[in-house]
Amino acid sequence: MSNKVKKRLIIILLSALVLIIATLLITMNLRDNIIYFYSPTELQLTNIDKKNIIRVGGLVKEDSYKYDDKTKIYSFIITDRSNEVDVSFVGIMPNLFAENKGVVVEGLAIDKANITAIKVLAKHDENYMPPEVIEALKKEGQWQEE
């Protein structure tokens, strides 16, 4: 084997080694930072690690939304019409949050039926339009009431 061939082989092997190490590091970091999404039914069927942050999405159950002035805790129930998850949250609720509307919460699972939320994300459908846009369309005479 000539010197040229040996140098090329060493460069190829070192490059492969660096690539394998980089892939392992990325994979290990991603595993620690992935946030899984569950519906209430999927949450009931899955073994969850109480140390990991998860997301749960569904509809806010009617008449479940409560706010305690003393503790400053919001509580509500997320449902997918089959199962339910109780949620508690301290913070500012999004403007679009309402009962019978979609919501995604991010937080820690106390157990399969209770979550302490860190974030509450209210969802809207594809027909949503900001109030400012509605007003502009009304002024132009192009707004059509549904």
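Residue numbers restart at each chain and count upward from 1, following the sequence in its written direction. The predicted origin of the model limits local features to residues at a pLDDT of at least 70 and limits the giving and counting of side-chain atom pairs to 80 or more, whereas totals for whole chains, interfaces and linings rest on all residues. Computation of side-chain values: all heavy atoms of the structure, hydrogens and water removed.

1. A look at unusual backbone geometry
With phi around 75°, Arg81 is a residue other than glycine that occupies positive phi space. Here a helix means four or more residues in a row that DSSP labels H or I, a strand means two or more in a row labelled E, and each is numbered from the N terminus. Along the chain, Arg81 falls in the loop between strand E4 (73–79) and strand E5 (84–89). Not every positive phi belongs to a glycine, and Asn100 is a case in point at roughly 65°. Tracing the backbone through its elements, the reader meets Asn100 in the loop between E5 and strand E6 (102–111).

2. Structural notes on the confidence of the model for the chain
Scored between 0 and 100, pLDDT is the confidence that the predictor attaches to each residue. Residues of the chain with pLDDT of at least 70 account for 86%, and the chain-wide mean is 85. When mean pLDDT is compared element by element in the chain, E5 scores highest at 95, while helix H3 (residues 131–140) scores lowest at 67.

3. A closer look at the pairing of strand E7 (residues 114–122)
With 4 bridges joining them, E5 and E7 adopt parallel strand pairing. Following the sheet pairing, Ser88 is matched in E7 by Thr116. DSSP-based pairing: two strands are paired if at least 2 bridges between them are found. For E6 and E7, the ladder comprises 8 bridges, and the chain directions are antiparallel. Within the sheet, the bridge partner assigned to Val104 lies in E7 and is Leu121. A loop of 2 residues connects E6 with E7, the two strands running antiparallel in sequence.

4. Regarding the pairing of E6
Residue burial is assigned from relative accessible area. The probe radius is 1.4 Å, only protein chains are included, and a residue is buried under 20% of its type maximum, exposed over 50%, and partly exposed in between. Most of E6 sits out of view: 7 of its 10 residues are buried. Pairing of strand E2 (residues 53–60) with E6, which is carried by 7 bridges, proceeds in the antiparallel orientation. For Ile53, the partnering residue across the bridge sits in E6 and is Leu108.

5. Comments concerning the nonpolar core
Nine residue types can take part in a nonpolar core, namely buried Ala, Val, Leu, Ile, Met, Phe, Trp, Tyr and Cys, and a core is a set of them joined through side-chain atoms within 4.5 Å. Judged by nonpolar contacts, the single largest core of 21 residues is most densely connected at Leu43, Phe76, Phe97, Val103, Val105 and Val120. Elements supplying a minimum of two residues to this core: E2, E4, E5, E6 and E7. For this core, the element with the highest residue contribution is E7, accounting for 4 residues. Only heavy atoms matter for contacts: two residues are in contact if any of them lie within 4.5 Å across the pair. Those residues in contact with Phe76 that lie beyond four places of it in its chain are Val60, Ser64, Tyr65, Val85, Asp86, Val87, Met93, Phe97, Val103, Val105 and Val120.

6. With respect to the side chain of Glu106
Structurally, the position occupied by Glu106 is in strand E6. Judged by its relative accessible area of 6%, Glu106 is buried. Of note is the side chain of Glu106, whose polar atom sits 2.6 Å from the side chain of Arg55. Setting aside its immediate chain neighbours within four residues, Glu106 contacts Ile35, Ile53, Ile54, Arg55, Ala117, Ile118 and Lys119. Polar contact criterion, stated in full: a pair of N or O atoms within 3.5 Å, where within protein one must be able to donate a hydrogen and the other to accept it, and residues adjacent in sequence count only if both atoms are side-chain atoms.

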